[in-house]
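Notes for the structure review
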Amino acid sequence: MRAPATHPPLPSPPPAGHLVLAGGGHTHALVLLRWAMAARRGRPRTGGALVTLVSRASTALYSGMVPGLLAGIYDREACAIDLRRLCRQAGATFIAAEITGLHPQERTLELEGRPALHWDWLSLDVGAETALPAGPGPAAAGAPPAQGVKPLEPFLAWAEARLSETAGREAHAPGLAIRGGGAAGVEVALALQGRGLRPELLLRGEQLHLGTPAANRLGERLLAAAAIPVRRQAGPGQQAALACTGSRAPLWLGAAGLPTDSSGRVRTEATLQVLGQPRLFASGDCGVIAAAPRPASGVWAVRAAPTLATNLERCLIHPQAAAPSGLRRWRPQRRALQLLADGSRPDRPRAIALWGPLALGPSRLLWRWKDRIDRRFMARFALRRPMATGAGSEDAAAAMACRGCAAKLAGATLAAGLRQAGVLGQAEDAAVIGRRDNGELLLQSVDGFPALVDDPWLNARLTTLHACSDLWACGARVTSAQALVTLPQAAPRLQQEWLAHTLAGIASVLEPLGASLLGGHTVEGRDGAGLGLGLSVNGAVAPERHWSKGPLQPGQVLLLTRPLGTGVLFASAMAGTARAAWIDAALEQMQHSQADLVEELQALGCRACTDITGFGLLGHLAEMLAASTPGLRVELDAAALPTLPGALELLEGGLASSLAPANAAALALLEGPVRLSEPPGPADAAARRSARLGLLIDPQTCGPLLAALPAGAGEAAIAALRRRGFAAAAVVGRVEQPPGLGE
């Protein structure tokens, strides 16, 4: 019997329109989940359009679990939807940025600190902010204003700071006044009481505001049982530390001229299209159906998702159509079940149920019901593809091929190709190409790679910082650059947008350095080639301040300016297994320019330096040794190596960058000129040792500088770099005399 013929899938058409999802609220998260599941089945539903999600954070906290998080019942990861991973699975671009404004006529979304984003279709799900009470109060007298409970991220940071301040002395914790008698105020007060604080609820009137008399009575019983005092008729002059006083939509929505209600929520049709704006949609806490208004609630945000997803899909079938047809209409239910958490005893949490005039509980059974509902909701977002590890098939290896500097050619292949071409010479980070009239050396280097992240602005910023690092490793300042930009096949308007954001990302690095972008070249990627960027960077340095990779000198200490681990972290991100916080921490470090370190290292007596990039710490240390006296030895302190959060955990689990196997050839150095000093450990610590070895060959994008300093400069160097914001800088090794010399 003959096997059925198989045919390769037809290539997707290049994108022709741009849908921007503004905000990472529950509705947008569920829309992206639907599209991710469809993509996994090979049936994408976004038509011929580019989809971009813009969110201030890379995670969206599920509001139903926040009281439990605050009470210490859940950890943060259990309550957080990873938006970056969800976008990758759905085939969407993720941009982490604060939205500051909207221009409907120009079809632009204003972002803080970066260029505006143009769109063809825009969906708003930007959440809400706490409606702080107006009028004179303690803030007017110089006291700090109350912390709003929304947005959730800054509120939780505030709460954790309060809890840290009182840790170990809960019995003497000062009182914490919370203004507001709604569901949020009651749940937050109960949760903080369970964490050892002493909350007090401030009401502007006599009653709570839980919707019905029965609900108010039940809330009063909960507060009394938890010994939480209630201060009634509390005027605006009575100071509160925390405000749970209702919500309003972000002010920029109204400033954009959109139709809004009294709380600033955008008024929409039943199709979720903004009134008078057929290309704009709004949902979640920032939107309200004009003909069927409902209070802001996570319940309605969740239930709006199928309608929004269907209508956006129908718009994207013809992304340039002036007005879509056949859109679904949604009428939200009149009332919704509320399950409120009582976290006043985190070891025995309870819940109450509110439905219309009914108020039930508190009970452990209701808590178990609520907990099951919430966990099932979050479990829907655990969509992951199988992770390729070990020596898999060629197809699996190709699918997992890493990007960034991990996409460079293997060291052995590069060296063989150079020898075959007759290109010989000592490896240096930048070439000296001439001199200025004032005697300064002119340096040049070139670098680039396929996009590490989908966001063109951020990718350009990272690539430029990475390329400039070659000059900083030579002690030089950057003076100019030229760019080679590869753009995917797409409609001209989208290519224009990608190019503009790429150039702006380059400028975000060069302008603070006083350097200029001289020009460049563009290429359209064919056969599915994605975004890419290469840069030729130029610099200058006085001859006496110029560093090369060597020679190293006995007695010198080796300083690493920041942690290692970007290679395995971004490999894990591609596999869908990296925690959002790990990638956030890596990207924060990678965006920190090392330009200011050049002067610090010059003052500390640096004479040899390199930057740790694609060949890993051992591979680039090998280049420093090759430029030094034969027989020189280096001792590396494994325990001192700074590591990005999550990197060792992933390496212990067997994950590695696709370039790491080729880099492993450098491990032979450990049998020769490099000795690895490892901390004592149990005999079964093989996985930890393997992870440390993996860290030595992990390819880095925007990696640290490795500087050779005089023997006594280590402590001063660490102090100087920490003042510059490089808190993880560490002395990781020492250069030793060749055997038989100096004895």
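In every chain, residue numbers begin from 1 and rise along the written sequence. Local features are withheld for residues below a pLDDT of 70 in this predicted model, meaning they are given only at 70 or higher, and side-chain atom pairs are given and counted only at 80 or more; totals for whole chains, interfaces and linings count all residues. Water and hydrogen atoms were dropped before computing side-chain values, which therefore reflect all heavy atoms in the structure.

**Re the side chain of S123**
For helices the rule is a DSSP run of H or I covering at least 4 residues; for strands it is a run of E covering at least 2, with both sets numbered from the N terminus onward. Counting through the fold element by element, S123 comes out in strand β9 (residues 121-124). As used in this structure description, the phrase polar contact means that two N or O atoms lie within 3.5 Å; if the pair is within protein, one of them must be able to donate a hydrogen and the other to accept it, and residues adjacent in sequence are counted only when both atoms belong to side chains. Polar contacts involving the side chain of S123 include one to the side chain of H28, which spans 2.7 Å. Whether two residues are in contact is decided by their heavy atoms, any of which lying within 4.5 Å being enough. Filtering out sequence-adjacent residues up to four positions away, S123 remains in contact with V20, L21, A22, H28, F281, L308 and L312.

**Things to note about the sheet that holds strand β21 (residues 338-342)**
Judged by pairing direction, the sheet is antiparallel, and its 3 strands sit side by side in the order β21-β22-β23 without closing on themselves. Where the open sheet ends on each side, the last strands, each with one partner, are β21 and β23 (358-363). Ignoring strand direction, the axes of neighbouring strands in this sheet form an average angle of 15 degrees. The rule for pairing is simple: two strands pair if DSSP sees at least two bridges between them. Where β21 meets strand β22 (residues 350-355), 5 bridges bridge the pair, whose relative direction is antiparallel. Residue pairing for β22: L339 is matched across the bridge by A353. Packed on one face of the sheet, helix α7 (residues 213-225) meets β21, β22 and β23 and runs near 20 degrees to β23. Angles shown run from 0 to 180 degrees and are taken between the N-to-C directions of axes, each axis being a line fitted to C-alpha atoms and, for helices, limited to the stretch in contact.

**Details of the environment of C609**
Among the structural elements, C609 can be located in strand β30 (residues 608-611). Working definition: with a 1.4 Å probe on protein chains only, accessible area under 20% of the residue-type maximum means buried, over 50% means exposed, and in between means partly exposed. Since its relative accessible area comes to 1%, C609 is described here as buried. For the pair C609 and I73, spaced 536 residues apart in the sequence, the C-alpha separation amounts to 49 Å. Those residues in contact with C609 that lie beyond four places of it in its chain are D429, A473, W547, S548, K549, M624, L705, L706 and A707.

**Quick word on empty space enclosed by the protein**
For each structure, a 1 Å grid was placed over the protein atoms alone; sets of points admitting a 1.4 Å probe that cannot get out are labelled cavities, open sets with protein on both sides within 12 Å along at least five of seven lines are labelled pockets, and lining residues have an atom within 4 Å of a point. Grid points are joined across faces, edges and corners, and a volume is the space filled by probe spheres set on the points. Under the counting rule described, the total for this entry stands at 4 cavities of 30 Å³ or more. Of the pockets and cavities examined, the largest cavity occupies roughly 180 Å³. Taken together, 20 residues line the largest cavity, and the ones lying closest to its centre are R265, G284, G287, V288 and W330. Those elements that place two or more of their residues in the lining of the largest cavity are β20 (287-289) and α9 (298-303). Here the element with the most residues in the lining of the largest cavity is β20; it accounts for 3 residues. Each residue gets one label: Ala, Val, Leu, Ile, Met, Phe, Trp, Tyr, Cys and Pro are nonpolar, Asp, Glu, Lys and Arg are charged, and the others, such as Gly, are polar. Classifying every residue of the lining of the largest cavity by side-chain character gives 12 nonpolar, 5 polar and 3 charged. Taken as a whole, the second largest cavity encloses approximately 50 Å³ of empty space. What lines the second largest cavity is C402, R403, A406, L452, T566, G567, F570, A571, P699 and T701. Looking at the lining of the second largest cavity, its residues break down into 6 nonpolar, 3 polar and 1 charged.

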